[in-house]
Amino acid sequence: MPKLVWVVMLAAAQAGAQRVEGTVVDTSSGNGIPGVTVDLVHTTSTAGRARIGEIAEGKALYSTTSDQQGRFRFDDVADGTYGARYRAANYQDETWAPTLNPTPPPAFEVKAGGDPVKIQGRMIHFGRMTGRLVNDKGEGIPNAALDLSSGHLTMGTNTDKEGKFSLPISPGIAYTLDAIPQLGWKPPAPEEGSGRILAWAQTFYPGTADPNAAVKIKLPAGGELLDVVIKMAAVPAHAVRGV
């Protein structure tokens, strides 16, 4: 191919590309976050907002990593409508923080010949909670299921062989922690004094079968709640017969 044609094609490609640059900051401190993976994903814009599903699951057309100051830059981005996706260990994109009404991430247009597009990512530093689930004798309960919930959002985990657990928590959200009895558990000791038969009940932190008496868990950004204990609640058992 003649050299002149190559030059023309290169000039056309450069004219149809643009720069996208920005920073990723910690929502609490405002400081830049290094080592964040930043992806640009094609999206269908609706009133300047990207579609959540497209950003969460879309293919990354461009990808880079933020520097020590949290800055990033993409060169030669083709014309189109994009949204940005941010990922980092121990952080969560503010867009995806648990809320009842999540706000779709912003969309932006890239057009040839314009000024560089400037964007900013905001990320929340996860809090952390560790603890132990115990029975009426204070013994750890292994392989038990726990749920941490806020509104319609729930995440689960299981205790280890010593009854211990660890959960990342989005700060600023009020959570309810509960443990669910499993089939095959050894039943609790009979009620002291009356000898009434007891059974394990769904238990809410710190140790009640009454969901209205549950103590909410809420952490500041990057905060920790360590070595909490949730004691399984035992309630009177009733026989059920039928045909």
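Everything numeric here is computed off the predicted structure, so don't read it as measured data.

Calculation criteria
Residues numbered from 1 in each chain as written. Predicted model: local features only at pLDDT ≥ 70, side-chain atom pairs only at ≥ 80, totals over all residues. Heavy atoms only, no water. Helix = DSSP H or I, 4+ residues; strand = E, 2+ residues; numbered from the N terminus. Buried < 20%, exposed > 50% of the residue type's maximum accessible area, 1.4 Å probe, protein only. Contact = heavy atoms within 4.5 Å. Areas by Shrake-Rupley, 256 points an atom, 1.4 Å probe, with all protein chains shown as cover. Salt bridge = Lys/Arg side-chain N within 4 Å of Asp/Glu carboxyl O. Core = buried A, V, L, I, M, F, W, Y, C linked by side-chain atoms within 4.5 Å.

A. Region of the structure containing the overall build of the protein chain. Broken down by element type, the protein chain carries 2 helices and 17 strands. Sorting the 243 residues of the protein chain into buried and exposed places 36% on the buried side. Of the contacts made within the protein chain by residues no fewer than 6 positions apart, 72% connect residues no fewer than 24 positions apart. For the protein chain, the accessible area works out to roughly 14,000 Å², and carbon and sulfur atoms hold 53% of it.

B. Quick peek at the pattern of salt bridges. Considering all chains together, one arrives at 10 salt bridges under this definition. One salt bridge in this structure joins Glu-21 and Lys-118, with 2.3 Å as the shortest N-O distance. Residue Glu-21 is located in strand β1 (residues 17–26), and its partner Lys-118 is located in strand β8 (residues 117–125); the two are separated by 97 residues in the primary sequence. Classification of Glu-21 as buried rests on a relative accessible area of 17%. Among the residues examined, Lys-118 registers a relative accessible area of 62% and is labelled exposed. A salt bridge links Arg-73 to Asp-75, with the shortest nitrogen-to-oxygen separation between them at 2.9 Å. Ionic contacts of the salt-bridge type, sharing partners, join the residues Arg-19, Glu-21 and Lys-118 into one network.

C. Geometry of the nonpolar core. Residues Met-129, Phe-165 and Leu-177 are the most contacted members of the largest nonpolar core, which totals 20 residues. Broken down by secondary-structure element, the contributors of at least two residues to this core are β9 (127–134), β10 (145–150), β12 (164–169), β13 (176–180) and β16 (224–231). Tallying contributions element by element places β12 first for this core, with 3 residues. Not counting chain neighbours up to four residues away, the residues in contact with Leu-177 comprise Met-129, Leu-146, Asp-147, Leu-148, Phe-165, Leu-167, Thr-203, Phe-204, Tyr-205, Ile-217 and Ile-230.

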